[in-house]
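Remarks on the overall topology
Each chain, written out:
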Amino acid sequence: MSKVVIEVVRESLHFSAAHFTIFSATERENLHGHNFHVNGVFEGELKDDGLCFDYGEVKDVLQRMCDELDERFLVPADSPHLQIAATDGLVQLSFNDETMTLPDHDVLVLPLRNITVEELATWMVDRLIADTEFKNLGVTKLQIKVASGSGQWGVVSRELT
């Protein structure tokens, strides 16, 4: 059988989100936002029916992740420099000597060290690999790309066994 590579690029695979990147215990970017874009490259075996896998399912999983991130303030749960407290429908973020309080429905706390394109791409790869529908597709290698602007991509690749 032949190995086949399917690249998934769709206009709808994007999300708009706010964040700040943390550089140290005392330095961070100002709060700002991006229109992020997501692409994926998937490898598998070409089957007797002429298909590698149903890449409609891959598009669906990627779209669900983009929708989850869309119009949210993304916060890294695993940053050693950021303290996060949630009470009474509010999320309080403490960094250095600053405190921000936001409605919890605007905030998405992710299990990341920082909100960067490389961390977001890693999160997406990990989520894909854990997804039952994706596991059943027979993908042997994947690559996820997340862009925060033109020419600025975080790319994460994994071999699957």
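My aim in this report is to walk through the structure given alongside it, one point at a time. (Residues numbered from 1 in each chain as written. Predicted model: local features only at pLDDT ≥ 70, side-chain atom pairs only at ≥ 80, totals over all residues. Heavy atoms only, no water.)

Turning our eyes to something else, we now look at the sheet that holds strand E2 (residues 32-45). Hydrogen bonding along the main chain pairs the strands of a sheet, whether they run parallel or antiparallel. In space, the 6 strands of this open sheet follow the order E7-E3-E1-E2-E8-E9, with mixed pairing throughout. Each edge of the open sheet carries a strand with a single partner, namely strand E7 (107-110) and strand E9 (152-159). The sheet shows a mean angle of 30 degrees between the axes of neighbouring strands, direction not considered. Bridge count between strand E3 (residues 72-76) and E7: 4 bridges; the pairing is parallel. Looking across to E7, one finds that Val75 is bridged to Val109. (Pairing = 2+ DSSP bridges. Helix = DSSP H or I, 4+ residues; strand = E, 2+ residues; numbered from the N terminus. Axes fitted to C-alpha atoms, helices over the stretch in contact; angles between N-to-C directions.)

Going through the model one piece at a time under the given rule, you end up with 8 salt bridges. Ionic pairing is found between Arg64 and Asp131, a salt bridge with its closest N-O pair at 3.8 Å. Here the residue Arg64 occupies a position in helix H1 (residues 55-69), and Asp131 occupies one in the loop between helix H2 (117-130) and helix H3 (132-135), the gap between them amounting to 67 residues. Between Glu133 and Arg64 there is a salt bridge, and its shortest N-O distance comes to 3.9 Å. Of the two residues, Glu133 sits in helix H3 while Arg64 sits in helix H1, which places them 69 residues apart along the sequence. Classification of Glu133 by relative accessible area gives partly exposed; the value is 39%. Arg64 sits in the partly exposed class, given a relative accessible area of 42%. (Salt bridge = Lys/Arg side-chain N within 4 Å of Asp/Glu carboxyl O. Buried < 20%, exposed > 50% of the residue type's maximum accessible area, 1.4 Å probe, protein only.)

Bridge count for strand E1 (residues 3-19) against E2 is 13 bridges, and the pairing is antiparallel. Residue pairing across strands places Val4 opposite Gly44, the latter belonging to E2. As paired strands, E1 and E3 are joined by 2 bridges and run parallel to one another. Following the sheet pairing, Ala18 is matched in E3 by Phe73.

Take the side chain of Thr21 next. Tracing the backbone shows Thr21 in the loop between E1 and E2. A distance of 3.5 Å separates the side chain of Thr21 from the backbone oxygen of Ile115, its partner in a polar contact. Those residues in contact with Thr21, other than ones at most four positions away along the chain, are Arg28, Glu29, Asn114, Ile115 and Thr116. (Polar contact = N/O pair within 3.5 Å; in protein donor to acceptor, adjacent residues only side chain to side chain. Contact = heavy atoms within 4.5 Å.)

A word on H1. Taking 1.5 Å as the rise per residue, H1 with 15 residues should run 21 Å; its terminal C-alpha atoms sit 21 Å apart, in good agreement. Taken together, the buried positions of H1 are Val58, Val61, Leu62, Gln63, Met65, Cys66 and Leu69. At the exit of H1 stands Glu71, carrying a positive phi of roughly 55 degrees. (Expected span 1.5 Å × (residues − 1).)

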